[in-house]
Amino acid sequence: MSDTVDDINVNITTPLTTTTTTTTATDSVAIDDQKRPNRRKYRRLSDDEVVVNSGSSSDGRRRHHNLRNDRRLVINNDDDEPDGISGQQRHRRRRAISSIEIDYMSATCVTTDNIDNRQTKMRRQPSASGSSSSANSSRSGQKSPVRIAGDVHCVASPEAVGSLDLLSQKYESLDYDQIENMLYLEERKRVADSWLKRTEMVRWLVIFIIGLLTAVTACVIVVSVEGLSKYKYKLLQQFVDRCSRNQDINNSGGGNDSTITSGQYCIIIPYAMWLGLNAVPVLMGSALVTYLAPIAAGSGIPVIKCYLNGIKVPEVVRIKTYFAKLFGVIMVVVGGLACGKEGPMIHCGSVIAAGVSQGKSTTFNKDFRVMQEFREDREKRDFVSAGAAAGVAAAFGAPVGGVLFSLEEGASFWNQKLTWRIFFCSLVSTFTLNLILSTYHLHPGQLSYSGLLNFGQFAAADFNYNFAELPLYVLMGAFGGLAGALFNYMNYKLTVFRIRYISHPVLKVLEAVVVAMVTATIGFLMIVYIRDCHQTIKENYVEYPIKYNCHDGEYSVMGALWFNTPEASLRNLFHNVEGTWRPESLAIFVGVYYFLSCWTYGLSVSSGLFIPSLLVGAAWGRLAGIGMKSMFPTQDWICPGKFALIGAAANLGGIVRMTISLTVILIEATGNLTFGLPIMITLITAKWVGDLFNEGIYDIHIQLSSIPFLNWEPPVGASNIYASEVMSTPVTTLKTTEKSTPPTYQTIATTSVLLLH
């Protein structure tokens, strides 16, 4: 193979029969929007034969190479080459590309060269062309293709890692089309009307069960988080208050104890306890996700969007993913990470819908032999859409918002019957959750606990607004779009860093634990060194007030923000009276929590993005309200809580770029329809401004996963690309009738499809 240096040979060190995928390669194809499409193709051949096809129109050579102990995938190397170069220059250019060896099971590519000083001790494996390619690469002085640590990508250069233009070939498509052939029509004729009516009744029964189980899942999450968080913060409050009393005694001259348990350094004890109470739950939650179901990491919204788009994401709706999601989100929220439990509810609802509708479990290899009429991708997709909507309804108490979320963000297919079924599922989920939580809080039948996220009761005066305020909301929406674009950009860079360097499971778990401990440390420093106290009054409800560095009858407002769940802190920002926080305290909290939430999203934990985004937006929105009140002290329409709500909507809209469904979700969460116009104006402005810089956070993570997501509209300039620009020669064709050949010499013909992204 030394004379075929114009080809990249990829060795598969594991037999192809051991893998469960049916795709041609676990590799990615880079598409550059500014240049011609990359024409790198893959072909799978027989046990003893490899076809080397240069893919060049001027040199369509085909060579055969016999292999004894391994199989190979050959990449047609027709990279983007400058026009007008000679054949000799093109030949030298291709000689600079060395071979890559692939561990097929882990999809890890390792170069046979040392591309720079940072790449050392790289694993070498013998190949027929490795030594020749290595020598050619060293003579050319150019860097070799390299695989930087990650799970999906095999790229042509280190700079290409984390590109948004990579498409992975390891994903298959779901069969959402109904094949209406003669056999199908004859089968439909034999089916009686009674069977069709029974199937429809069973379909509605399944929808009811999905909504019911989704609500029960939400109750398990909220009850567990409330119970564990109460124990955690009560314990920390006791030790901090003990230090406060000892500090008051020492300051008054009544004692001179300098020991670590009762002196001026006693605050170290609750700090150490805080570190442990953060690190241990996060360690458990991250290990559960990392080792049991890695697909359960994050909120789950991107992978559910891909599934509803028609992409078969492995293990996305397995029962083990459900348990990893359920217990993982409980652990990380209790562990104090800057995340919420609302996003994972959408994934949990989807898994419930997929499992109930199929009547079997792949994880446990158990078939209950029920619901067999729904065991097709089209039916399963509709139930998963209902489960996602039920998850939104349970998370926010917004049944209409759940339907709109599935319509706007999820389903690629919709009809009138599906609308009714999904709305019914959302209603069942919402009211079941209401009933269970009201009974849990000793108010049976009150139905005032509509979802996991409760914004609290807003006064009617808080929603009074006039036409002159609308430009202010537009400005806040624009600021939210800028903040969201910056958030997405930083998280994108951080995710690329994780793909390159934090791929080992131990490192993923360790990173989550480090973030949890850093969060506790920052909160501790802000409580100790920011002396912002407020008088204890009935209007400001604080569940775990601490008196550190405050006088009698006062509490630390920084402690009220950190010694609480993110949902409770969000309610405080909405409803606390004016003057609760100093502007400088809120400004520091905004900056700190903004970067913590950006660092947290993308960890190997089950976590949501809604709550930290709302919390940061509510903080800077309330800060804007404080500034407006200082400039116009006599204006009654300026309410800090109202500006906090607008800021929360702007910040969340700038990050996720949702409009219709998010507007309805926030309206239903606040329980007031009159404020719908300002929220809608804010969200639309945030989306428009954010789209000028980048895409939403979910779309970015879909692209980083190299999933071939099919958007509603084709990319700009797609109509100017001709088939001749992406085809290689000679063209492999299939005849109407093919002659059977022995398996040893049979060549498998594959069709290369260019997915424009």
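Residues numbered from 1 in each chain as written. Predicted model: local features only at pLDDT ≥ 70, side-chain atom pairs only at ≥ 80, totals over all residues. Heavy atoms only, no water.

Novice: Talk me through the overall build of the protein chain; I want residue IDs and the actual numbers.
Specialist: Check the secondary structure of the protein chain and you find 21 helices and 15 strands. Accessible area for the protein chain stands at about 34600 Å²; split by element, carbon and sulfur atoms hold 59% of it. (Helix = DSSP H or I, 4+ residues; strand = E, 2+ residues; numbered from the N terminus. Areas by Shrake-Rupley, 256 points an atom, 1.4 Å probe, with all protein chains shown as cover.)

Novice: Provide a residue-level description of the environment of Cys639, including the pertinent values.
Specialist: Tracing the chain through its elements places Cys639 in the loop between α17 (610-631) and α18 (640-656). Remark: the alpha-carbon pair of Cys639 and Phe574, spanning 65 residues in sequence, is separated by 9.9 Å.

Novice: Before we move on, could you go through the packing of aromatic side chains and cite the residues and values that matter?
Specialist: Evaluation of the coordinates by the stated rule reveals 22 aromatic pairs. A ring pair is formed by Trp204 and Phe424, whose centres lie 5.5 Å apart and whose planes are at 65 degrees; its orientation type is edge-to-face. Of this pair, Trp204 sits in helix α4 (residues 193-251) while Phe424 sits in helix α11 (residues 416-440); the two residues are 220 residues apart in sequence, bridging distant segments of the chain. Seen in terms of ring centroids, Phe455 and Phe574 are 5.3 Å apart; in terms of plane orientation they differ by 80 degrees. Their pairing is edge-to-face. Separated by 119 residues along the polypeptide, Phe455 in the loop between α11 and α12 (470-501) and Phe574 in helix α15 (residues 566-575) bring together distant segments of the chain. Each member of the pair, Phe455 as well as Phe574, carries the same accessibility label: buried. Here the basic side chain of Arg242 rests over the ring of Phe239, its NZ or CZ set 4.8 Å away from the ring centre. One Lys or Arg, Arg381, reaches over the ring of Tyr176 and ends 4.7 Å from the middle of that ring. (Phe/Tyr/Trp six-rings, centres within 6.5 Å; stacked < 30°, edge-to-face > 60°. Buried < 20%, exposed > 50% of the residue type's maximum accessible area, 1.4 Å probe, protein only. Lys NZ or Arg CZ within 6 Å of the ring centre and 35° of its normal.)

Novice: Before we move on, could you go through the side chain of Ser604 and cite the residues and values that matter?
Specialist: Mapping Ser604 onto the fold places it in the loop between α16 (583-600) and α17. A distance of 2.6 Å separates polar atoms of two side chains, one belonging to Ser604 and the other to Thr290. Contacts of Ser604, omitting those with residues within four sequence positions, involve Ser286, Val289, Thr290, Ala297 and Lys508. (Polar contact = N/O pair within 3.5 Å; in protein donor to acceptor, adjacent residues only side chain to side chain. Contact = heavy atoms within 4.5 Å.)

Novice: Quick one: what's the story with α18, residue by residue and with numbers?
Specialist: Its 17 residues place the ends of α18 24 Å apart at the C-alpha level, agreeing with the 24 Å of an ideal helix rising 1.5 Å per residue. The buried fraction of α18 amounts to 17 of the 17 residues, a majority that puts the element mostly inside the structure. Of the residues flanking the end of α18, it is Arg657, one or two places downstream, whose phi is positive at about 60 degrees. (Expected span 1.5 Å × (residues − 1).)

Novice: How would you summarise unusual backbone geometry if you had to cite specific residues and measurements?
Specialist: In the Ramachandran plot, Met371 falls in the positive-phi region, its phi being about 55 degrees despite a non-glycine side chain. Structurally, Met371 can be placed in the loop between β13 (366-367) and α9 (377-396). One non-glycine residue with positive phi stands out, namely Leu442, at about 65 degrees. Along the chain, Leu442 falls in the loop between α11 and α12.

Novice: Describe the pattern of salt bridges, naming the residues involved and giving the relevant values.
Specialist: Pairing between side chains of opposite charge can happen when their charged atoms approach one another. A full pass over the atoms with the stated rule returns 18 salt bridges. Salt-bridge contacts for Arg203 lead to Glu200; the nearest nitrogen and oxygen are separated by 2.6 Å. A residue pair is termed a helical-turn pair when its members lie 3 or 4 positions apart in one helix, as Arg203 and Glu200 do in helix α4 at three residues. On the accessibility criterion, Glu200 (28% relative accessible area) is partly exposed. Through salt bridges with shared partners, a single network forms among Glu200, Arg203, Glu379 and Arg421. (Salt bridge = Lys/Arg side-chain N within 4 Å of Asp/Glu carboxyl O.)

Novice: An account of the environment of Asn464 is requested, with residue identities and associated values reported.
Specialist: In this structure, Asn464 sits in the loop between α11 and α12. Judged by relative accessible area, which is 49%, Asn464 ranks as partly exposed. Each C-alpha atom, one on Asn464 and one on Lys642, is 9.1 Å from the other, the two residues being 178 residues apart in sequence. Sequence-distant contacts of Asn464, defined by excluding residues within four places in its chain, comprise Glu469 and Lys642.

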